Each structure stands twice: as structure tokens, then as C-alpha cells.
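Working through the structure, step by step
This is what each chain is made of:
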Amino acid sequence: MTNLILLAGMILLMWSGVRAMAAEGEGQRSVFEISTARSMITFAVGSDHRLYQLGYGSRQKKPEIPEKLPMPAYDGAAERLSEVYPSFGNGYLLEPALHVTHADGDTSTDLKYVSHTVTEDAGIATTRIELKDPKHPFQVTLVYRAYVELDIIEQFTEIRHDESRAVTMHRYASASPVFRAKSYWLTQLQGYHMREAGLVEEKLTPGVKLLDSKLGVRAHQIRTPGFFLSLDQSANEESGEVFAGSLAWAGSYAFAFDLDFNNGLRAVCGINPHGSQYHLQPGRTFTTPAMIWAWSDRGKGQISRNFHRWARQYSLRESHKPRPVLLNNWEATFFNFDEAKLVSLLDGAREIGSDVFLLDDGWFGRKYPRNDDRQGLGDWMVNEKKLPHGLSYLVEQSKQRGIDFGIWVEPEMVSPKSELYEAHPDWALQQTGREMILGRWQRVLDLNRPEVKEFVFNVIDKTLKDAPGTRYVKWDCNAYALQPGSTWLKPEEQSHALVDYQFAVYDVMRKVVEAHPDVMMMLCSSGPARSDFASLKNFHSFWASDNTDPLKRVFIQWGFSHFYPAQSMNAHVTDFGHRPLKFACDVALSGAFGVDMDLSKRSDEERKQLAKTIKLYKEVLRDLIAEADLYRVESPYDHPRSVIQYVAQDRTASVVFVYQVKNAESGPVCLKGLDSGRRYRVTELNLPEGTKSSLKENGQVVDGKSLMDSGILPPCNQELQSVVIHLRAE
Ligand code: GLA
């Protein structure tokens, strides 16, 4: 039996590549690795028993093992710059990963390596590294899940203690890896409402660069919770060593990039420490959100493909389910609708072949009817003036037209002008004794309160039960936490309010999914202001922007494609920007396609064009795009056109989208990712009725090698022209 256990232990150790090393003069120390197919993090336990990171990067390049670890620095001190999870207060002077005040008032923490274990299950190797403070009964477990084939490592931290009373955690990062290069190029996805996910890249200079959000709720409005870090050169699609990280957290976050005097870079990533002091009681474990890391030495394109594959398998709800074509009424009517109007929209939805009719904001409120955004949130009863026969009637009308019915809710919010607020003013997050500050004329409900958590679940549960047959929910969230105090939490727990809010939101999301497993859900927050991988586990897609001008969407979708796969990004054809319908359709085709228009106001020809596009989407493109690898071939930031290409994983099919964003002639597009040994039939898709393709290769069979080496010349040179080209292996 003992032998068996020993053998199992050895297999685990061999699998993870743990090496025990005898270091001259310094006694025994161990070096061990966490590896994926191509990447590797190497750790070593120093003679001081602290855990150091020797390297993170290519598996081919084993880092040198220093003769002494920690290396001597100056004044007899040890060089601890590469400590894996550095803590404040006992010799570490740079940006720490952990900063706590212990029960006895000690502001210092020092973590020493205790042990680690590795387990493997279905292509995921989980390493748990135990660290402990020798002075206090205080422990930290660093957890790494290596998704071996995808070169993705998920990392989070568990913190617990058995001190005499609560420990105050000031900072408790999820991860804080160290990178070593001559220079570092940081890319963020930055913006604001209506101009999200703009790529901004800069070369890091010494000091701490902070990318963060302090918005609390709707926290990603100004910045997506992820970044790319390119070593030694500005990030490139196809070559170079690049890392990327994404925090699976819907709340405030911080990524602190500390470029030290030694030119080493540490990225401290996790919940934003600002306003998040957490008092951890003895015996409780605090689990940080996960940081998802990707590495590639083939540029950021490969990283995105890995993120997409990973998300589809592990972090996007039911990625195999075809995303329905929605007809949403928001931009078609805003708040201005009644039953007859909605039924007429349903007729249009049927005519073009939509799968779901999604009724947006404005359907509820009695005493304070929701006829604009100034009132009514919280009063989730049907406004009978607008909808005298209730939601069930609309479900029925949809069914009669072969369409599913979907509904918009914003369950975490309350308008001060609402019956809910009149009954429960203490249910909103607030700073007692201060004048109320509103955002979009609303407040955030306090999910720390058990009855509020129950209420938020019931908003969705009851809405779905009262209108049985409803198959789709758009869950919105449109205000920041401007006054993040809680009338429920004790005075000393006030700084928990936003942290525990997020844990509560995730609980409610999961409960809704469990209660309504067949209802599909869209994640929305004034567009994509909640777009993290933890939320997406419960959602089929997210609303990528309230800006549906297709010209702007080319850039927005380009930005989000760095992390999120195509079928997770809702992209709708609307009147926004009054762009040519073909251009609007072609842009929406590269996401989860939908329409937001009053079709009775469009010509027969336009309705036909939409119907044709939807048919094409469902029959040819939807499944292909949902499983394909994305190649960003030409960036709209650097070129007059944007070219993206999806290639089926078995390389038997591909689709290329070309969007002209400026007037200019360009040369041929050299395609990517095809099988050079195969021949592909080239077909231009989505041509308006009566027009012929002017693509030279249209209808021809061309070998993969020439498509990639010599390319094809898309017939467009004017802003707002677009071309969709399909390739099918013969
Ligand atoms: C937010 C969403 C929109 C729409 C409105 C309704 O702004 O992003 O799509 O649902 O709310 O008020």
C-alpha cells in the first residue's frame, strides 16, 4: 500500500516536472515547474525557504538556476525581487501581492514554502502550493490550473488563518508573476460608454503603471479587465513573445505593473485594494478571483485563439449551442411602444427569420411606469397600460410566429421613484447621512442583504414563471456603485460591501441558471461594462456596445476579439450611423448576429436582404464561426481596411470578412491558417440581390498555399464597402 502511494506520488511529480536539486553550499532546495504544452513557470525554494519564480515563458528555455537563492543584494540583504507572492512588512519593499494586519496588530507578513501537490484531470493539471507565515497561524495557498494543450494557466489564491481574531487584508492579489525582458509593451482595452475596447499600447517605463477600475459595479465601463504584455517589441499578431492576463471578476480590479530598478517587471493583479479592506475571520478561507494567463511566442493572434478555445470549453456558457438570431426592440422603439407596436415588430421578426424577439426596457412599473429611464426600476410588474394582456400574450404571439420570446431585466437596480424604494429605502447601497448621488437616475441594490439577494433572484424567476415559455433573458446593470455603503453590514464590515456584492451576484447568476437551465442569457451592462470570464460562465453572450454604428463596431469587436470568441459578442444590425445595410449586416455577421430595427419602416428590398443574410448566417456561418480559430489579418488601426478570418479547426472551411474603414486602394490579402496542401473553393457571400461578385477568384478552386502566399484581392476601396469570402476545401 505504502509503495502504491509512493508510486502515485512519483507519477504526479514526474508529470509536473518537479526537480529536486542539491545546491552547493546551500543545502537542499527544490526547483519545480508548472507547464503547459509550450509554456512553463519555474519555481525554486530558496535557502531562506521563501518561494521564488525563476522564469515564465517558453518550455524550451529552461531558466538558469542561480548558485544562491535568494541572491545576495546589497548591505547584506537578500534579493527578493522574484519572490512569487511577496508580502508587505518584512523586507520586501516593492509592490506587494499581500498586505495584512494580523490579529495582534503586526503589519508584517512573511510567507515560507511548506509543500506543493499536483493533480491531473482531463488535461488540467492543478498545482497547489502551500505557504505559511512562521510567526502566525496564517496560510496562503497558491493555486494554478494548467490547461495543458491551450497554454493557459488559471491562477488564484486562498488565504486563511487561525489567529485569535479577524485579520485585516489590505491587499490580496490573485497573482503577481514576474517577467524579464529588455523592454515591456503593455496593451489595454480602454474606452467609455459607446467607445469601448479601444486598443492602447505603451512602452512601460520605471515605476508603477496602474490599470484599474474603481467603479464597483458596472466596473468594466472604462476598461476591460485584461491586458496584453509583449516582450522586447510592440505586440504583433503573428510573432514575438506575448503574455496576456484576464481577471475573472465583475467588480473593481487593479493590475499594477511595477518595473523595478533591476528591469524586472512584476504584475500584481486582483481585486482593487482601494476601498476593499477585508476582515477575515479565523477559520474562514478567502478565495480570490482567478487570473487567466496565456503565453505565446507566436504573437497575440495565437493568444486570442487560445483564449477563445479555452473560453468555449471552460468559461462561456454552452458554447456549443447556436446563438439565436435576436430581434431586439430597443433601438427600434426605445421606451415608446405598446402591445400593437410589439406585435407588429414580431411580424417583421418572423418575416426575416429571427429566432427570438427580445423585449427591452420599458415594459414594467405601475405607480411609476417605466416610460423613460428616470423611474420604475424595482417594480417588476407589467405596465398594463402598455401591455394590457401581459407578457404571456407576447409569448403566445411569438410562438404563433415560430419565434421565442425574451425579456430584459435589470434586477440589481432601483429607481428612487419606485414602489420598491418607497417600501425599502434601506435596500440600496448608500452612505448614511449623505445626500443621495444617482447614476442614470438609479441606485444599486445592496446584495449583501439576504432579502435583497432573494429579491434579485425572484425578479428573474418570477418574470419567467409568470410568462411561461419565455426563452431568453437580457440581464442588464446600468449604474456604478457611487456610494458603496451598506445599511446591513456592521460598521467594521463596510469595506466588504463591494467585494461581497460580487460574490453575491455570482451566486444569484448561478441560481438563475440552475432554476432555468433552458433559458439563454445575454450579459449586458450599458453595453459591455460587465464582461468578465466568471460572469460569462452563466451567460451565452454579452452586449458588446450600445454603439451599433457598424463603422465603430469594426473597432469595438476587433478589441474584444482579443479575449472573447465571436459567438459571445452580440452584434446587431441597426439604423445607427445610417450606414449601408450590407456593411451593417457584414459587420454583425462576425459576431452573434441580431437585428434591432422597426422593419415596417424598411423597404421590401431591405427586409429581403436581411432575411437572406440571416439564412446565410444560420446555414453557413454560425456554426463555422462558433468553433473556428480567429486570425486578425489586417488591423483597422493601421490599415484602411479591417480583415478578419475564421478558420475551422480542421481547416476544411474558412470565412474572411473585409471591412473598408477608409477610402484607399490596398493590395491582396494573404490569408492565414489554411492547409497549404488543400484546394479551396472561393465564394463571395452576402451579395445584395441582383449584384455580381467582382472578386476575381469567385467560384474558382484555389490551393491553400497560393491563398496564403499570394492572397486574394477583395473588391473594395471605398469606406463602408465590405466583402465576405467563404472558402470550402474540395
Ligand atoms: C442599457 C443597455 C441597452 C438597453 C438600455 C435599456 O443601456 O446597454 O442595450 O437595454 O440599457 O435601458
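These figures come from a predicted structure and were not determined experimentally. (Residues numbered from 1 in each chain as written. Predicted model: local features only at pLDDT ≥ 70, side-chain atom pairs only at ≥ 80, totals over all residues. Heavy atoms only, no water.)

Quick notes on empty space enclosed by the protein
Basically, it comes down to this: Here a cavity denotes a set of grid points, spaced 1 Å apart and computed over the protein atoms alone, in which a 1.4 Å probe fits but from which it cannot get out, and a pocket denotes an open set meeting protein on both sides within 12 Å along at least five of seven lines; residues with an atom within 4 Å of a point are reported as lining. Grid points are joined across faces, edges and corners, and a volume is the space filled by probe spheres set on the points. Helical segments are the DSSP runs of H or I of at least four residues, strand segments are the runs of E of at least two, and each set is numbered from the N terminus. Note on residue categories: nonpolar means Ala, Val, Leu, Ile, Met, Phe, Trp, Tyr, Cys or Pro, charged means Asp, Glu, Lys or Arg, and polar means any other residue, Gly included.
On inspection of all chains with the given rule, the structure shows ten cavities of 30 Å³ or more. In this structure, the largest cavity encloses a volume near 110 Å³. What lines the largest cavity is a set of 13 residues, and nearest its centre among them are Val 554, Gln 557, Trp 558, Ser 590 and Ile 644. Counting residues per element, the ones that place at least two in the lining of the largest cavity are α10 (550-560) and β35 (641-647). A total of four residues in the lining of the largest cavity trace back to one element, the largest contributor, which is α10. Grouping the amino acids of the lining of the largest cavity by side-chain chemistry returns eight nonpolar, four polar and one charged. Within this model, the second largest cavity holds a volume of roughly 80 Å³. The wall of the second largest cavity is formed by Leu 429, Ile 437, Gly 439, Gln 442, Arg 443, Val 444, Ala 479, Tyr 480, Ala 481, Leu 482 and Gln 483.

With respect to the packing of helix α7 (residues 450-466) against helix α8 (residues 497-515)
As a reminder, the rule being used: Axis definition: a line fit to C-alpha positions, over the contact stretch in the case of helices; interaxial angles, taken between N-to-C directions, run 0 to 180 degrees. Left-handed describes a crossing whose near helix is turned anticlockwise from the far helix through less than a right angle; right-handed describes the clockwise counterpart. Contacts were defined at the residue level, with two residues in contact if any of their heavy atoms lie within 4.5 Å.
Where α7 contacts α8, the two axes come as close as 10 Å, and the packing angle between them is 35°. Between α7 and α8 lies a crossing of right-handed hand. Between α7 and α8, the residues in contact are Lys 453, Glu 454, Val 456, Phe 457, Ile 460 and Asp 461 and Ala 504, Asp 507, Val 508, Lys 511, Val 512 and Ala 515, respectively. Grouping the constituent residues of the contact of α7 with α8 by class yields seven nonpolar, no polar and five charged.

Regarding the layout of surface pockets
Its volume calculated, the largest pocket comes out at about 870 Å³. The wall of the largest pocket is formed by 40 residues, among which Trp 249, Phe 286, Thr 287, Asp 500 and Phe 503 lie closest to the centre. Contributions of two or more residues to the lining of the largest pocket are made by β11 (152-161), β21 (278-280), β22 (285-287), α2 (299-315), α7, α8 and α9 (533-536). When residues of the lining of the largest pocket are assigned to their parent elements, the largest contribution, six residues, is made by α8. Residues belonging to the lining of the largest pocket are distributed by class as follows: 19 nonpolar, nine polar and twelve charged. What the second largest pocket holds in volume is close to 640 Å³. Every element with two or more residues in the lining of the second largest pocket is listed here: β3 (39-45), β4 (51-58) and β13 (178-180). Of the residues forming the lining of the second largest pocket, the biggest block, six residues, is contributed by β4.

Examining the sheet that holds strand β34 (residues 629-634)
Backbone-to-backbone hydrogen bonds join strands into a sheet, with any given pair of strands oriented parallel or antiparallel. Using the following cut-off: Two strands are said to pair when DSSP picks up at least two bridges between them.
Taken together, the six strands give an open sheet; going across it, the order is β34-β35-β36-β39-β37-β38, and neighbouring strands pair in antiparallel fashion. The two strands at the open ends of the sheet, each matched to only one other strand, are β34 and β38 (701-703). Put simply, the sheet's adjacent strands are angled 25° from each other on average, direction ignored. Of the strand pairs in this sheet, strand β37 (residues 679-685) and strand β39 (residues 722-729) are connected by six bridges, and their pairing is antiparallel. From the neighbouring strand, Glu 684 faces β39, where its bridge partner is Ile 725. Contacts between α10 and the sheet are confined to β34, β35 and β36 (653-660), with β35 contributing the most and set at about 50° to the helix. Contacting β34, β35, β36, β37 and β39, helix α12 (residues 604-627) runs over the sheet at an angle of about 100° to β36.

Brief notes about the sheet that holds strand β20 (residues 264-271)
Spatially, β13-β20-β19-β16 is the arrangement adopted by the four strands of the open sheet, whose pairing is antiparallel. The open sheet terminates on both sides in strands that have one partner only, identified here as β13 and β16 (207-213). Taking each pair of neighbouring strands and ignoring which way they run, the sheet shows an average axis angle of 15°. Here seven bridges tie β16 to strand β19 (residues 253-259), and the two strands are oriented antiparallel to one another.

Considering a nonpolar patch on the surface
This is how it is decided: For patch building, the residue pool is restricted to those with more than 30% relative accessible area and no salt bridge; the joining distance is 9 Å between like charges and 5 Å between nonpolar side chains (Val, Leu, Ile, Met, Phe, Trp, Tyr). Only the protein chains shown count as cover for residues, and all accessible areas are computed by the Shrake-Rupley method using a 1.4 Å probe. Salt bridges are counted wherever a side-chain nitrogen of Lys or Arg sits within 4 Å of a carboxyl oxygen of Asp or Glu. Whether a residue is buried, partly exposed or exposed follows from its accessible area with a 1.4 Å probe, protein chains only, as a fraction of its type maximum: under 20%, in between, or over 50%, in that order.
Among the surface-exposed residues, Met 436, Leu 438 and Trp 441 lie close enough to one another that they form a single nonpolar patch of about 260 Å² accessible area. With respect to the helices, strands and loops of the structure, Trp 441 is situated in the loop between α6 (419-423) and β28 (443-444). Note on Trp 441: relative accessible area 38%, which makes it partly exposed.

Thoughts on α2
Rules: Given the number of residues in a helix, its expected span is that number minus one, multiplied by 1.5 Å.
The terminal C-alpha atoms of α2 lie 23 Å apart, and with 17 residues this matches the ideal 24 Å at 1.5 Å per residue to within 8%. Summarising burial for α2: 14 of the 17 residues are buried, a large majority.

Some remarks on the site of the ligand
Heads up, the condition is: It suffices for a single heavy atom of a residue to lie within 4 Å of a molecule or strand for the residue to be listed as near it. Distance and chemistry together define a polar contact, namely a pair of N or O atoms within 3.5 Å, with one atom able to donate a hydrogen and the other to accept it when in protein, and with adjacent residues in sequence counting only for side-chain atoms on both sides.
Around the ligand, a shell composed of 13 residues is seen, among which Asp 360, Asp 361, Arg 440, Lys 474 and Asp 546 lie nearest. In this structure, Trp 408 approaches the ligand through a side-chain N or O atom, which is 3.1 Å from an oxygen atom. Take Gly 527: an N or O atom from its main chain is 3.0 Å from an oxygen atom of the ligand. Contact with the protein chains hides 96% of the accessible area of the ligand, taken as 300 Å² for the molecule alone. Residue composition of the shell around the ligand, by class: four nonpolar, three polar and six charged.

Quick look at the pattern of salt bridges
Considering all chains together, one arrives at 51 salt bridges under this definition. A salt bridge links Asp 347 to Arg 401; the shortest N-O distance between them is 2.6 Å. Within this pair, whereas Asp 347 is found in helix α4 (residues 339-352), its partner Arg 401 is found in the loop between α5 (390-400) and β26 (404-409), the two being separated by 54 residues in sequence. Of the residues examined, Asp 347 reaches a relative accessible area of 31% and is grouped as partly exposed. Asp 675 is paired through a salt bridge with Arg 678; the nearest N and O atoms lie 3.3 Å apart. The exposure class assigned to Asp 675 is partly exposed, which follows from its relative accessible area of 21%.

Observations concerning the nonpolar core
To be explicit about the condition: In plain words, nonpolar cores are sets of buried Ala, Val, Leu, Ile, Met, Phe, Trp, Tyr and Cys residues tied together by side-chain atoms within 4.5 Å.
Leu 359 and Trp 363 are the most contacted members of the largest nonpolar core, which has 190 residues in total. Residue contacts for Trp 363: discarding those within four places in its chain leaves Phe 337, Trp 380, Met 381, Val 382, Asn 383, Leu 387, Leu 391, Ile 407, Trp 408, Val 409 and Thr 463. In this structure, Val 702, Leu 707, Met 708 and Cys 716 belong to the second largest nonpolar core, which totals 21 residues.

Digging into α4
The end-to-end C-alpha distance of α4, which contains 14 residues, comes to 20 Å, matching closely the 20 Å that a straight helix rising 1.5 Å per residue would cover. Within α4, burial applies to Glu 339, Leu 342, Val 343, Leu 345, Leu 346, Gly 348, Ala 349 and Ile 352. The elements touched by buried residues of α4 are β24 (326-328), α3 (330-333), β25 (356-359), α5, β33 (592-595) and α12. The opening residue of α4 is Asp 338, an N-cap whose side-chain oxygen sits 3.3 Å from the backbone nitrogen of Ala 340. A positive backbone phi angle near 95° is found at Gly 353, which sits one or two residues after α4.

A look at the environment of Leu 131
Within the secondary structure, Leu 131 sits in strand β9 (residues 124-132). For Leu 131, a relative accessible area of 3% puts it in the buried group. In the structure, Leu 131 is positioned 312 residues away from Arg 443 in sequence and 41 Å away in space, judged by C-alpha atoms. Each residue touching Leu 131, except ones within four places of it in the same chain, is listed here: Leu 51, Tyr 85, Leu 111, Lys 112, Tyr 113, Val 114, Phe 138, Gln 139, Val 140 and Leu 142.

Comments concerning the packing of aromatic side chains
The criterion, for reference: Pairing of aromatic rings covers Phe, Tyr and Trp, the last through its six-membered ring, and needs centres within 6.5 Å; plane angles under 30 degrees mean stacked, over 60 mean edge-to-face, and all others mean tilted. Charges are assigned to positions over rings by a cutoff of 6 Å between ring centre and Lys NZ or Arg CZ, combined with an angular limit of 35 degrees from the ring normal.
Under the defined criterion, the tally for this structure stands at 43 aromatic pairs. With 6.2 Å between their ring centres and 50° between their planes, Phe 563 and Tyr 564 make a pair best called tilted. On the accessibility criterion, Phe 563 (0% relative accessible area) is buried. Looking at Arg 218, its charged tip hangs above the ring of Tyr 480, at a distance of 4.4 Å from the centre. The cationic tip of Arg 553 hangs over the ring face of Trp 543; the distance from NZ or CZ to the ring centre is 4.9 Å.

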